[in-house]
Amino acid sequence: MAQLWGGRFQKQTDKAAYEFNASIRFDKRLYRQDIRGSIAHVTMLAKQGIIAVAEKDQIITALKGICEDIEKSVIVADEKYEDIHSLVEANLIERIGDVGKKLHTGRSRNDQVALDMRMYVRDEVDEVSGLLTKLLTTILRIMEENTDTYMPGFTHLQKAQPVTLAHHFGAYFEMFRRDNDRLKDIKMRMNQCPLGAGALAGTTYDLDREYTAKLLDFDGPGLNSMDCVSDRDYLIEFLGALSLIMMHLSRFSEEIIIWNSNEYRFIEIDDGFSTGSSIMPQKKNPDIAELVRGKTGRVYGALMALLTTMKGIPLAYNKDMQEDKELSFDAMDNTKACLLLFEGMLSTMTFNKDNMRKSAMGGFTNATDVADYLVRKGVPFRDAHSISGRLVITCIEKGICLDELSLDEYKKESECFEDDIYEAISLETCVNKRQTLGAPSPDSMKKVMERYREYLKA
Ligand code: ARG
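In this report, the structure presented in the accompanying data block is examined. One numbering rule holds for all chains: residues counted from 1, following each sequence as written. Only residues with pLDDT of at least 70 are given local features in this predicted model, and only at 80 or more are side-chain atom pairs given and counted; all residues enter the totals for whole chains, interfaces and linings. Computation of side-chain values: all heavy atoms of the structure, hydrogens and water removed.

## Side note on the environment of Lys 214
The criterion, for reference: Counting from the N terminus, the helices are the DSSP runs of H or I reaching at least four residues and the strands are the DSSP runs of E reaching at least two.
As for its position among the elements, Lys 214 is in helix α8 (residues 209-215). Residues Lys 214 and Ala 40 lie 174 residues apart in sequence; the distance between their C-alpha atoms is 9.3 Å.

Right, here's the structure in full:
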């Protein structure tokens, strides 16, 4: 057991207690951040004359060697180390002896782990943002190709009014764009360096915290040492952002599952992104979309777990906070995997435009437009709504759609109907006339997509 704190103890830690306490199993992935933080720390210590320049150089060379050896698995991060900080320090002392023992001058594992985790999350924010950008690019590409792919828009999962595939996907562009902007916002707030806070009350050494913050690409040092070691808000914000991304991916997945069903057949998922059944030969299942939908729960779980962990913790550091890692790592890994796979599935799927169009033709999606037609002829909207409703009943009885109803039948309900009713309620008219900004007409969509292109360029 490589422990950093043996002095005060007269007995070995109980084996089960040691294992219960150890975090190396999951915090080993912080090795790069840990070593980078240590290099910045000793660079500052030497600049301040707290250690000699030659000592600093020796420590940095050894730290870089340790990093390489971890990468090459020459150093194995196993349970003989309590955590990643102990692993690095123990190996440093093994390599360069007493000089290595100076690394931890003016530092605690409390500010060290706060730093490591913050730097790790900062990189994760960038990675997630990259994946979101890729997804947004694919969504925009599909939108551009489908401004006149007609499909029904739904409310209550019942056909409501006709829209286009471009318009439907545009809603998801908005969601993922907000997610991406949220990440930028989190990054701006979290970019404060905790290093130099010590255990909780700073140190008596003359540390230059501005300098370490700069070396590690932070906007500046955190201004309260107790908060520096005990703040996990940024992580909760990030888990909140990941939860929203997953919620959006899950809704999108649900639609893909519905659209892929035998009843809808709006889309065909590429063979590369679907799976078969071990017993039913005809099956081609949307497992990726189902897994994305399913994994949403565990990401929410991580958010709820950390909120709950933090709610009763007195200042400053408490070991409960070690629980911030495992579930968060799981949430980050899974959200990234979901974004990656979802984009792959989306970019390879094909759209059955005929089925979408047929579906948009049924379900009386143009009933509102029949009412609007009458309004244009001077009928009050409430009356027009009622007339259109009665025409729908006639159609249901005859098993036809509004486009197929004879002019005689129309005139039975209102003398205002003329031959131009058919033009007025055609699928094309219904969509193309909806020209308000944000509506599905190809003209409106073109204006919106121009802004999306600019967003992605920026
Ligand atoms: N493994 C610990 C964590 O993740 C590191 C900090 C340990 N600090 C302490 N005072 N025991 O939180």
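## Regarding the site of the ligand
Our working rule: It suffices for a single heavy atom of a residue to lie within 4 Å of a molecule or strand for the residue to be listed as near it. Any N or O atom pair separated by 3.5 Å or less is treated as a polar contact, with the protein-specific requirement of one donor-capable and one acceptor-capable atom, and with residues adjacent in sequence counted only for side-chain atom pairs.
Surrounding the ligand, one finds Ser 23, Asp 27, Asp 83, His 85, Arg 109, Asn 110, Val 113, Tyr 317, Gln 322 and Lys 325. A distance of 3.1 Å is found between a nitrogen atom of the ligand and a side-chain nitrogen or oxygen belonging to Ser 23. Asn 110 is positioned such that a nitrogen or oxygen atom in its side chain is 2.9 Å from a nitrogen atom of the ligand. A total of 3 residues in the shell around the ligand trace back to one element, the largest contributor, which is helix α6 (residues 109-145).

## Details of the packing of α6 against helix α12 (residues 326-348)
The following threshold applies: Angles here are taken between N-to-C directions and fall from 0 to 180 degrees, while the axes themselves are lines fitted to C-alpha atoms, restricted in helices to the stretch in contact. Note that the term roughly parallel is reserved for angles under 35 degrees, roughly antiparallel for angles over 145, roughly perpendicular for angles of 65 to 115, and oblique for everything else. Helix crossings get a hand from a simple test, with the near helix turned counterclockwise from the far one by less than a right angle marking a left-handed crossing and a clockwise turn marking a right-handed one. Under the grouping applied here, Gly and all other residues not named as nonpolar or charged are polar, the nonpolar ones being Ala, Val, Leu, Ile, Met, Phe, Trp, Tyr, Cys and Pro and the charged ones Asp, Glu, Lys and Arg.
Here α6 crosses α12 at 15°, and the two axes come no closer than 10 Å. What the angle tells us is that α6 and α12 run roughly parallel. Viewed along their axes, α6 and α12 form a crossing whose handedness is left-handed. For the contact of α6 with α12, a count of residues per class yields 15 nonpolar, 3 polar and 6 charged.

## Regarding helix α14 (residues 367-376)
What counts is decided by this rule: Remark: exposure states derive from per-residue accessible area (1.4 Å probe, protein chains only) relative to the maximum for the residue type, with buried under 20%, exposed over 50%, and partly exposed in between. We call two residues in contact whenever any of their non-hydrogen atoms come within 4.5 Å of each other.
When we look at burial in α14, the residues that qualify are Ala 367, Asp 369, Val 370, Ala 371, Tyr 373 and Leu 374. Buried positions along α14 lie against α15 (381-398), α16 (407-413), α17 (421-424) and α18 (427-432). Just past α14, the residue Gly 378 takes up positive phi, approximately 100°.

## Section: the packing of aromatic side chains
Which entries qualify depends on this criterion: The pairing test for Phe, Tyr and Trp rings, Trp by its six-membered ring, is centres within 6.5 Å, and the orientation test on the planes gives stacked under 30 degrees, edge-to-face over 60, and tilted for anything in between. Put simply, a charge is over a ring when the Lys NZ or the Arg CZ is close to the ring centre, within 6 Å, and near the line of the ring normal, within 35 degrees.
Scanning the entire structure with this criterion turns up 15 aromatic pairs. Judged by centre distance (3.9 Å) and plane angle (10°), the ring pair of Phe 173 and Tyr 452 falls under stacked. Residue Phe 173 is found in helix α7 (residues 165-190), and its partner Tyr 452 is found in helix α19 (residues 442-457); the two are separated by 279 residues along the sequence. Each member of the pair, Phe 173 as well as Tyr 452, carries the same accessibility label: buried. When the centroid spacing of 5.6 Å and the interplanar angle of 5° are considered together, the rings of Tyr 373 and Phe 417 count as stacked. Residue Tyr 373 is found in helix α14, and its partner Phe 417 is found in the loop between α16 and α17; the two are separated by 44 residues along the sequence. Owing to a relative accessible area of 0%, Phe 417 belongs among the buried residues under this scheme. An aromatic cluster is built from Phe 154, Phe 169, Tyr 172, Phe 176, Phe 252, Trp 259, Tyr 264, Phe 266, Phe 342 and Phe 351, whose rings are joined through pairwise contacts. Here the guanidinium or amino end of Lys 47 rests over the ring plane of Tyr 211, the centre of that ring lying 4.8 Å away. Seen from the ring of Tyr 455, Arg 177 lies directly overhead, with NZ or CZ sitting 5.5 Å from the centre.

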